[in-house]
Amino acid sequence: MTEYFPEVKKVKYEGPDSKNPLAFKYFDASEVVLGKTMAEHLRFASCYWHTFKNLGQDQFGGNTIIRNYNDSSDPMKVADMTLEAAFEFFTKIGVDFWCFHDRDIAPEADTLAETNKRLDTIVAKAKKLQADTGMKLLWGTTNAFSHRRFLAGAGTNPSPAIFAYAASQIKKAMEITKELGGEGYVFWGGREGYDTLLNTDLKMELDHLALLLQMAVDYKKKIGFKGQLYIEPKPKEPTKHQYDFDAGNCLAFLQKYDLVDYFKMNIEANHATLASHDFCHELAFCTANNFLGSVDANRGDLLLGWDTDQFPSNIYETTMAMYIILKSGGFTTGGLNFDAHVRRQSIDPVDLFYAHIGGMDVFARGLKNAAKMIEEKTFDKAVADRYKGWSEELGKNIESKKFGFEELEAYIIKNGEPKVQSGKQELLENYLNSYI
Ligand code: XLS
Ligand code: NI
Ligand code: NI
């Protein structure tokens, strides 16, 4: 088989003192942290669309990146070579999982039937490559937002025929995800939103989006697909108002349409910041509601303000993220998917390796920092102390509903002005710094 990245051998762990840019300094797959290996905790996935299909284009210019696996005028030959290159990359970088959209792995043909045939060819090859390499599929998804037909959305499209097209694509994408043993399936509402109310029936669009998800739940049951379904919130881009704005919005939507038992969240760092939240706020909101599923591990740039999908590099953020994830029990079906691409100027194949090494190392550091924070219970103690009144008499009487308004008023009249306490934020930030 052709070697697509001959300049890189398998990336190994060499420890923090290594100066080798093609080695891990912190990610040691087999190192045990809190009873599990790093690989088991972090469940890294490489994403197909950004890693292999993104060629550096932006709103102002075309591709800047040239890859040897694109070197053919036959789109199926390109698909074939890209898949081989991808599995070579996965094996060399040492991620255990990958993620893809249907259209990333096989190009559309003139008809849906032909397109599905192309998918079957590529999926058969992917299945073999998975068996040969031990790679697993974290999740699959469909791209129902790039093609012209989806200009006004998929499930929320004003045309029922386009709704039907989207449904057909999801059907097939769920089938191939099952075929590849996918542990999950993601719904990111690519163009499920609107740009102007002047042409939009908002209530109808929400009802239809729910209907599409209901159909997916039914079909999942029908084919016996066991993977977890996820919704990936994003507040805007491409539409001005995306319906899956943030985790809170998704929770309300799922509750309203009786879908809450079937979905968990796939939280993307950069989408959280676009919604004016911290990445960690979104994670914490999900774990508080028991519906964190998986993570699209990337970062944005607050000054640019769009979905820049950069590789994670902020140790504070990965430390806090891993702290929240570990405290909720860690990933089960989900993992850390690098939904991130190298910059337009990072045109060398080796840049893909540097990007993943950086992302994996910064999460490995985050994991180790978080494990120490958990073991030493520094923040647990501070939080428990702050809320300790709730395990004393008054708190218990409120929580058990023994006290209502009248008893509470009587309590205050008897006991007078309550004491206030310091939030100690600066001290706690100093403690956090000591773990970094
Ligand atoms: C785009 C999304 C997308 C999803 C998968 O902003 O992050 O890449 O993760 O459709
Ligand atoms: Ni994403
Ligand atoms: Ni994104």
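Residues numbered from 1 in each chain as written. Chains lettered and ligands numbered in written order. Predicted model: local features only at pLDDT ≥ 70, side-chain atom pairs only at ≥ 80, totals over all residues. Heavy atoms only, no water.

A. Molecular detail of the site of ligand 1. Around ligand 1 lies a shell formed by Trp 49, His 101, Trp 139, Trp 188, Glu 232, Lys 234, Glu 268, His 271, Asp 296, Asp 307 and Asp 339. In this structure, an oxygen atom belonging to ligand 1 sits 3.2 Å away from a side-chain N or O atom of Trp 49. For ligand 1, whose free accessible area comes to 290 Å², the fraction covered by protein is 93%. Counting atoms within 2 Å of the grid points, the majority share of ligand 1 lands in the largest pocket. (Near = heavy atom within 4 Å. Polar contact = N/O pair within 3.5 Å; in protein donor to acceptor, adjacent residues only side chain to side chain. Areas by Shrake-Rupley, 256 points an atom, 1.4 Å probe, with all protein chains shown as cover. 1 Å grid on protein atoms, 1.4 Å probe; cavity = no way out; pocket = protein on both sides within 12 Å on 5 of 7 lines; lining within 4 Å. Sits in = over half its atoms within 2 Å of the grid points.)

B. Region of the structure containing the coordination of the nickel ion (ligand 3). All of the protein donors around the nickel ion (ligand 3) are Glu 268 (OE), His 271 (NE2) and Asp 307 (OD); their distances to the metal are 2.1 to 2.3 Å. We note that the donor set of the nickel ion (ligand 3) lies within a single chain, spaced as E-x2-H-x35-D. (Donors = N, O, S within 2.8 Å, 3.2 Å for Na, K, Ca; no water.)

C. The arrangement of the packing of aromatic side chains in detail. Counted according to the given criterion, the structure contains 28 aromatic pairs. Residues Phe 27 and Phe 44 carry aromatic rings whose centres are separated by 5.2 Å and whose planes lie at 75° to one another, so their mutual orientation is edge-to-face. In this pair, Phe 27 sits in the loop between strand 2 (23-24) and strand 3 (32-33) while Phe 44 sits in strand 5 (residues 44-47), placing the two residues 17 residues apart along the sequence. The same class applies to Phe 27 as to Phe 44, namely buried. (Phe/Tyr/Trp six-rings, centres within 6.5 Å; stacked < 30°, edge-to-face > 60°. Helix = DSSP H or I, 4+ residues; strand = E, 2+ residues; numbered from the N terminus. Buried < 20%, exposed > 50% of the residue type's maximum accessible area, 1.4 Å probe, protein only.)

D. Molecular detail of empty space enclosed by the protein. Scanning the model with the defined rule gives three cavities of 30 Å³ or more in all. Within this model, the largest cavity holds a volume of roughly 200 Å³. What lines the largest cavity is a set of 20 residues, and nearest its centre among them are Ile 170, Phe 187, Trp 188, Gly 189 and Glu 192. The residue inventory of the lining of the largest cavity, partitioned by class, reads 13 nonpolar, four polar and three charged. Considering only enclosed or pocket space, the second largest cavity measures out at about 60 Å³ in volume. Every residue lining the second largest cavity is listed: Ala 269, Phe 279, Ala 297, Asn 298, Arg 299, Pro 312, Ser 313, Asn 314, Glu 317, Thr 318 and Phe 363. Looking at side-chain class alone, the lining of the second largest cavity contains five nonpolar, four polar and two charged residues. (Points joined across faces, edges and corners; volume = space filled by probe spheres on them. Nonpolar A, V, L, I, M, F, W, Y, C, P; charged D, E, K, R; others polar.)

E. How the structure looks around the layout of surface pockets. Of the pockets and cavities examined, the largest pocket occupies roughly 1,400 Å³. In terms of lining, the largest pocket is formed by 40 residues, of which the most central are His 50, Asn 54, Gln 57, Asp 309 and His 341. Contributions of two or more residues to the lining of the largest pocket are made by helix 2 (48-53), helix 4 (102-105) and strand 7 (136-141). Here the second largest pocket is characterised by a volume of approximately 860 Å³. Around the second largest pocket, the lining comprises 27 residues; the ones closest to its centre are Phe 379, Ala 382, Val 383, Arg 386 and Leu 428. Of all the secondary-structure elements, those providing two or more residues to the lining of the second largest pocket are helix 10 (279-288), helix 11 (315-327), helix 13 (378-386) and helix 16 (425-435). Broken down by element, the lining of the second largest pocket gets its largest block of residues, seven residues, from helix 13.

F. The arrangement of the coordination of the nickel ion (ligand 2) in detail. For the nickel ion (ligand 2), the full set of protein donor atoms is Glu 232 (OE), Glu 268 (OE), Asp 296 (OD) and Asp 339 (OD), at a range of 2.0 to 2.1 Å. Taken together, the six donor atoms coordinating the nickel ion (ligand 2) and their angles of 79 to 176° define a geometry best described as octahedral. Read in sequence order, the donor residues coordinating the nickel ion (ligand 2) give the pattern E-x35-E-x27-D-x42-D. In this structure the nickel ion (ligand 3) is found 4.1 Å away from the nickel ion (ligand 2), and Glu 268 serves as a bridging donor for the pair. Here Asp 296 is found in strand 13 (residues 292-296), whereas its partner Asp 339 is found in the loop between strand 14 (336-338) and helix 12 (349-376), with 43 residues between them in sequence. With respect to class, Asp 296 is no different from Asp 339; both count as buried. (Tetrahedral: all angles 85-135°; square planar, octahedral: opposite > 155°, others 65-115°.)

G. Quick look at helix 6 (residues 160-179). For helix 6, built from 20 residues, the straight-helix expectation of 28 Å at 1.5 Å per residue is met to within 8% by its first-to-last C-alpha distance of 29 Å. Listed as buried for helix 6 are Ile 162, Phe 163, Ala 166, Gln 169, Ile 170, Lys 172, Ala 173, Met 174, Ile 176 and Thr 177. Measuring from the backbone nitrogen of Ala 161 back to the side-chain oxygen at the start of helix 6 gives 3.2 Å, which picks out Ser 159 as the cap. Trailing helix 6 by a residue or two, Gly 181 shows a phi angle of about 70°, which is positive. (Expected span 1.5 Å × (residues − 1).)

H. Looking closely at the pairing of strand 12 (residues 263-268). The buried fraction of strand 12 amounts to five of the six residues, a majority that puts the element mostly inside the structure. As defined by bridge partners, strand 10 (residues 228-231) adjoins strand 12 across three bridges and the pair is classed as parallel. Paired with Ile 231 across the two strands is Met 265, which belongs to strand 12. With four bridges connecting them, strand 12 and strand 13 associate as parallel partners. Within strand 13, the residue paired with Glu 268 across the bridge is Asp 296. (Pairing = 2+ DSSP bridges.)

I. Region of interest: the packing of helix 13 against helix 16. One can describe the packing of helix 13 onto helix 16 by two numbers: an axis separation of 11 Å at closest approach and a directional angle of 165°. In terms of their interaxial angle, helix 13 and helix 16 are classed as roughly antiparallel. Here the hand of the crossing between helix 13 and helix 16 comes out left-handed. Residue-level contacts link Thr 378, Phe 379 and Ala 382 of helix 13 to Leu 428, Tyr 431, Leu 432 and Tyr 435 of helix 16. Taken together, the residues of the contact of helix 13 with helix 16 break down into six nonpolar, one polar and no charged. (Axes fitted to C-alpha atoms, helices over the stretch in contact; angles between N-to-C directions. Parallel < 35°, antiparallel > 145°, perpendicular 65-115°, else oblique. Left-handed = near helix turned anticlockwise from the far one by under 90°. Contact = heavy atoms within 4.5 Å.)

J. Region of interest: the environment of Ala 269. Tracing the sequence through the fold places Ala 269 in helix 9 (residues 269-274). Taking the C-alpha atoms as reference points, Ala 269 and His 281, twelve residues apart in sequence, are found 9.9 Å from one another. Filtering out sequence-adjacent residues up to four positions away, Ala 269 remains in contact with Phe 279, Asp 296 and Asn 298.

K. Examining the pairing of strand 10 more closely. What you see with strand 10 is no split at all: Gln 228 and Tyr 230 on one side and Leu 229 and Ile 231 on the other are buried throughout. Sheet analysis places strand 8 (residues 184-187) next to strand 10, joined by four bridges and oriented parallel. Across the sheet, the residue bridging to Phe 187 is Ile 231, located in strand 10.

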